[in-house]
Amino acid sequence: MPLPEDNHLTVIAETYRLLGDPTRLKVVLTCLEGPIAVGDIAGRIGASQSLVSHHLRLLRAARLVRGTRRNKQVLYEAADDHIARMLSDMIAHAMEEHDPAEEDEDRD
């Protein structure tokens, strides 16, 4: 696979930096379930609404989530299927059985 251009590498690095915060990661994962209000996200992840709103602003700016206004509420969801697939793959990778002996073999 060829290396992406520098501007694309910057976007990728920023995306992973944003997702490196556990609270932001929980916010995005909650948004994968479908449109959800800020208060409901806050309740599910055990954070204040103001903290969730702050993280949502950053995530929206990075095009990781999008908001849709319905009456007086804004409902948030993953920006696209790319985000959902990337996170699903990362979760599957994290949950794989890990054999510490394999690390020793890799070092030899």
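A short tour of the structure in this document, coming up.

Quick notes on the rules
- Residues numbered from 1 in each chain as written.
- Predicted model: local features only at pLDDT ≥ 70, side-chain atom pairs only at ≥ 80, totals over all residues.
- Heavy atoms only, no water.
- Helix = DSSP H or I, 4+ residues; strand = E, 2+ residues; numbered from the N terminus.
- Buried < 20%, exposed > 50% of the residue type's maximum accessible area, 1.4 Å probe, protein only.
- 1 Å grid on protein atoms, 1.4 Å probe; cavity = no way out; pocket = protein on both sides within 12 Å on 5 of 7 lines; lining within 4 Å.
- Points joined across faces, edges and corners; volume = space filled by probe spheres on them.
- Pairing = 2+ DSSP bridges.
- Contact = heavy atoms within 4.5 Å.
- Axes fitted to C-alpha atoms, helices over the stretch in contact; angles between N-to-C directions.

Our next topic: the environment of Arg69. In this fold, Arg69 is placed in strand β2 (residues 65-70). For Arg69, a relative accessible area of 59% translates into the label exposed. Sequence spacing of Arg69 and Asn7 is 62 residues, and the spatial spacing of their C-alpha atoms is 31 Å.

Of the voids in this model, the largest pocket is the one considered here, and its volume is about 320 Å³. Along its surface, the largest pocket is lined by His8, Val11, Ile12, Thr15, Tyr16, Ala62, Arg63, Leu64, Asp80, His82, Ile83 and Met86. Every element with two or more residues in the lining of the largest pocket is listed here: α1 (6-19) and α5 (81-95).

With that settled, the discussion passes to the sheet that holds strand β3 (residues 73-78). In space, the three strands of this open sheet follow the order β1-β3-β2, with antiparallel pairing throughout. Unpaired on one side and paired on the other, β1 (36-37) and β2 mark the two borders of the sheet. Pairing between β2 and β3: six bridges, direction antiparallel. Along β3, the bridge assignment pairs Thr68 with Leu75. The sheet contacts of helix α2 (residues 22-31) involve β1, β2 and β3, and relative to β3 the element is tilted by about 95 degrees.

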